[in-house]
Amino acid sequence: MSSLIDVRSLTKTYLLGDVHVNALQGVSVTIERGTFVAIMGQSGSGKSTFMNLLGCLDRPTSGQYLLDGIPVENLDRDQLAEIRNQKIGFIFQNFNLLPRMNALENVELPLLYNISDTPDGDERGQRALAAVGLADRERNFPTQLSGGQQQRVAIARALINTPEILLADEPTGALDSHNSAEIMSIFQQLNHSQGITIVLVTHSDEVAAYADRIIGFRDGRIVGDAPVVHPQKVGEARAAPRAALEMVQ
Amino acid sequence: MKQLTSSIKIAFRALKMNKLRSALTMLGIVIGVASVIATVAIGSGATQRIQQQIASIGSNIIIVVPGSTSSSGVRLGSGNAVTLSEADARELAAQCPDVAIAAPLVRGGAQVVYGNNNWATSVYGVTPDYLTIRDFSVVDGAEFTQQDVDAANKVAVLGATPVANLFGGADPIGQTIRIKNVPFTVVGVLSPKGQSAQGQDQDDVILLPISTAKRKVLGVKQANADAVDTIMMQAQSGAQMPAAQDEAQALLRQRHHLQAADADDFSVRNMQEIFAAQEASSSIMAMMLAAVASVSLVVGGIGIMNIMLISVRERTREIGLRQALGAKTHDILTQFLVEAVALSVAGGVVGIILGISASAIISRLAGWATSVGPGAVLLAVFFSAVVGISFGYYPARKAAYLDPIEALRYE
């Protein structure tokens, strides 16, 4: 079976005014099903551009991207939307919940854009909320929830269409350490027990320590790619990402 | 379907969020639709009134009156010659295939007396055909018959006005009235017709057999005992009116021994033409008013476009999120179109209610007839939806083609 993500010499060039910005300069990487990958790098290193391409929100200037065996680099707007809807779950730093909808409605939002009808939508939404420990909060509006709870609602929303891959862009960036740990353990659990592939962008080595593999970006290229040896002790857990981080810097 | 109901739900939620803004935006449409409804109501009310007046005259009527005469160089108005006769009327009915009925008529005024009451009214000497042509019906008693005409019986059929003035509430049938001191037995009462287009009371009339009228009341013209004032004809159908007119003219010229160079000594008139012109001018007026009113609908549409553009801008992040979650171009397009249409149709419904009440108030205060048909209401709803779609399309399209990355990053 092929890799879930197979990216070959991906480049992306933006035109900022008169200046061509080479955000990605030939990135090749494969990510296997069921891995938990952390992407690290300074701002401007190209990691966000890479995530946007992985998330089918944008198309590369050149190169190839096979997602689940499908070449997506030449799909049109609506075909990309379909892929995002069915195969990808997004988690954002600022949660991006719709303030006028309650938790359950937010979670069910992706079902609205499914091609097929989902008569069991409420059931699925409740199950997804229960999976992130918010079974009793389905009628609450985002403003009535804490940051950690809001991010959990966002995770439930990302999971509702049973995606192949979760793409998380600094999911703990707006949370305190306690809530961060809670969110990360949910990711870890999803990865371990359900085998969901997770690609996560972070600046924090603590967060990166939850991953199996750390990819470092600099100047639009991959400068480091190392597995994380999961140690038994917390103290050692910090050591691994630091090594990866040093490659980046 | 699921998409649409959810779009409608989203749209109404968004509109509720900004109640004042939505209400002000709707106001443009409300005013536009209300003024269209009210002007159409006034226009169609006027048209209906004219149609009623046409119906009260009778349908497909052609009137023949004698031409003008000149006496020692003084030209008299038309109708003063004594060129038309009862025989003309008979021949018109018999020989013109497009003429259904021709009824001779003599008329004059007379003082009518019953008991202590008296009343000045118009006296028409007619045949029973006249009632058919004028579409008069008898509500009480009976019409006089051809036998009454032939025998010159002293019977009278009264209009509603003389009945009211002479008899008060009493039953007139079988009573004897005196017209110019000649006793007549009342045999029937006509159903009321109301005012004519010219404002005349069409019920202020007494009908007598033409023979009796000439001999006992109005007098026989010395030049021609057979002379009549008017011949009223009814064409077989509305489409046959021009043909009937031509046939009547040709026959009368022949009967009156007119040479090709001679002018007609009579004139043939068609009431329909007068009314058709009135009807046309009133409907043109109504259309012009509606056109002016619909300008405000367009202004309302621009208001919707403006608000939708603001709304798209405010909700850029939401659009980006929906796109990330898999919303396709048409999903976003539909969502914003539904919102624009919801605004305009809601405004349209309020406008219809306002327009109907406004036309009711106008008809009460100004005394104009108004009529709001289901067609006008449907048209108003249709137009407000069209306004919503056409003015909502550009903002919705703008939303649908946002770049998801830019939209998600939008602050």
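Bear in mind that the values here come from a model prediction, so they are computed numbers and not experimental data.

Chemist: So what exactly am I meant to see when it comes to the overall build of chain A here?
Modeler: If you tally the helices and strands in chain A, you get 8 helices and 10 strands. Across the 249 residues in chain A, those meeting the buried criterion constitute 44%. Sequence separation of 24 or more characterises 68% of the internal contacts of chain A that already satisfy a separation of 6 or more.

Chemist: Honestly, the overall build of chain B in this entry has me stumped. Any pointers?
Modeler: Scanning chain B from terminus to terminus reveals 13 helices and 12 strands. Sorting the 411 residues of chain B into buried and exposed places 42% on the buried side.

Chemist: Sorry if this is basic, but what is going on with the packing of helix 3 (residues 86-95) of chain B against helix 8 (residues 241-255) of chain B here?
Modeler: Helix-helix packing: each pair is described by the crossing angle between the helix axes and the interaxial distance. All names here are of chain B. Close contact between helix 3 and helix 8 brings their axes to 10 Å; oriented N to C, the two are set at 135°. Of the possible angle classes, the one that applies to helix 3 and helix 8 is oblique. Note on packing geometry: the crossing formed by helix 3 with helix 8 is right-handed. Between helix 3 and helix 8, the residues in contact are Asp88, Glu91, Leu92 and Gln95 and Ala248, Leu251, Leu252 and Arg255, respectively. Counted by class, the contact of helix 3 with helix 8 contains 4 nonpolar, 1 polar and 3 charged residues.

Chemist: What should I look at first to understand the interface of chain B and chain A in this one?
Modeler: By a widely used convention, the size of an interface equals the accessible area lost when the partners come together. Every contact between the two is made by 17 residues of chain B and, on the other side, 18 residues of chain A. Within the residue set of the side of chain B that touches chain A, elements represented by two or more residues are helix 1 (2-17), helix 10 (316-324), helix 11 (329-365) and helix 13 (404-409) of chain B. Among the residues making up the side of chain B that touches chain A, the classes are represented as 7 nonpolar, 5 polar and 5 charged.

Chemist: When you look at the environment of Ala164 of chain B in this model, what are you seeing that I'm missing?
Modeler: As for its placement among the helices and strands, Ala164 of chain B is situated in helix 6 (residues 160-167). Separated by 40 residues in the primary sequence, Ala164 of chain B and Asp204 of chain B have C-alpha atoms spaced 9.9 Å apart.

Chemist: Hey, could you run me through the pairing of strand 9 (residues 182-190) of chain B in this one?
Modeler: Each regular strand carries side chains that alternate between the two faces of the sheet. Residue and element names in this part refer to chain B. Across 3 bridges, the pairing between strand 6 (residues 138-141) and strand 9 is antiparallel. Paired with Gly141 across the two strands is Gly188, which belongs to strand 9. Where strand 7 (residues 155-158) and strand 9 come together, 4 bridges link them in parallel fashion. In the strand pairing of strand 9, Val155 is matched with Thr185. Following strand 8 (residues 176-179), the chain reverses through 2 residues before pairing antiparallel with strand 9; Lys180 in that reversal takes a positive phi of roughly 50°.

Chemist: Even after reading the chapter, I still don't get helix 8 of chain B, so can you show me in this structure?
Modeler: Three- or four-residue spacings in an α-helix give side chains the same orientation, since the helix completes a turn every 3.6 residues. Residue and element names in this part refer to chain B. In this model, helix 8 (15 residues) spans 21 Å end to end at C-alpha, consistent with the 21 Å of a helix rising 1.5 Å per residue. The complete set of buried residues in helix 8 reads Met241, Ala244, Gln245, Glu247, Ala248 and Leu252. The buried residues of helix 8 occupy one face: seen down the axis, they fall within an arc of 165°. Pointing more than 90 degrees away from the buried face of helix 8 are the exposed residues Ala250 and Gln254. Downstream of helix 8 by a residue or two, His257 has a phi angle that is positive, lying close to 55°.

Chemist: Hey, could you run me through the environment of Gln144 of chain A in this one?
Modeler: By the element assignment, Gln144 of chain A lies in the loop between helix 4 (121-131) and helix 5 (147-159). Taking C-alpha positions, Gln144 of chain A is 9.8 Å from Ala103 of chain A, a pair spaced 41 residues apart along the chain.

Chemist: Quick question: what am I supposed to make of the nonpolar core here?
Modeler: Note on soluble globular proteins: their nonpolar side chains tend to be buried together. Formed by 124 residues in total, the largest nonpolar core has its most connected members in Val37, Ile39 and Ala156 of chain A together with Ile37 of chain B. Looking at which element gives the most residues to this core, the answer is helix 2 (residues 19-57) of chain B, with 14 residues. Residues in contact with Ala156 of chain A, not counting those within four places in the same chain, are Val107, Ala128, Leu129, Ala131, Val132 and Leu134 of chain A. If you look at the next biggest cluster of nonpolar residues, it comprises 58 residues, including Ala102, Phe136, Leu190 and Val217 of chain B.

Chemist: Would you take a moment to explain the confidence of the model for chain A for this structure?
Modeler: Detailed reading of the predicted coordinates is not advisable wherever pLDDT is low. Of the residues in chain A, 92% reach a pLDDT of 70 or more, and the chain-wide mean stands at 88. Of the regions scoring below 50 in pLDDT, residues 233-240 of chain A engages in 8 contacts with residues more than four places distant in sequence or in other chains.

Chemist: Hey, could you run me through the pairing of strand 4 (residues 99-114) of chain B in this one?
Modeler: Residue and element names in this part refer to chain B. Summarising the sheet, strand 4 and strand 11 (residues 230-235) pair through 6 bridges and their orientation is antiparallel. Residue pairing in the sheet places Ile101 in a bridge with Gln234 of strand 11. Sheet topology places strand 4 next to strand 5 (residues 117-126); 9 bridges connect them, and they run antiparallel. Each residue of the ladder has a partner; that of Gly108, found in strand 5, is Val123. Hairpin connection between strand 4 and strand 5: a loop of 2 residues separates the two successive antiparallel strands, and Gly115 in this loop has a positive phi of roughly 55°.

Reading guide: rules and limits
- Residues numbered from 1 in each chain as written.
- Chains lettered and ligands numbered in written order.
- Predicted model: local features only at pLDDT ≥ 70, side-chain atom pairs only at ≥ 80, totals over all residues.
- Helix = DSSP H or I, 4+ residues; strand = E, 2+ residues; numbered from the N terminus.
- Buried ≥ 20, exposed ≤ 12 C-beta atoms within 10 Å, placed from the backbone.
- Contact = placed C-beta atoms within 7 Å.
- Axes fitted to C-alpha atoms, helices over the stretch in contact; angles between N-to-C directions.
- Parallel < 35°, antiparallel > 145°, perpendicular 65-115°, else oblique.
- Left-handed = near helix turned anticlockwise from the far one by under 90°.
- Nonpolar A, V, L, I, M, F, W, Y, C, P; charged D, E, K, R; others polar.
- Pairing = 2+ DSSP bridges.
- Expected span 1.5 Å × (residues − 1).
- Arc of directions from axis to C-beta.
- Core = buried A, V, L, I, M, F, W, Y, C linked by C-beta atoms within 7 Å.
- pLDDT = per-residue confidence, 0-100.

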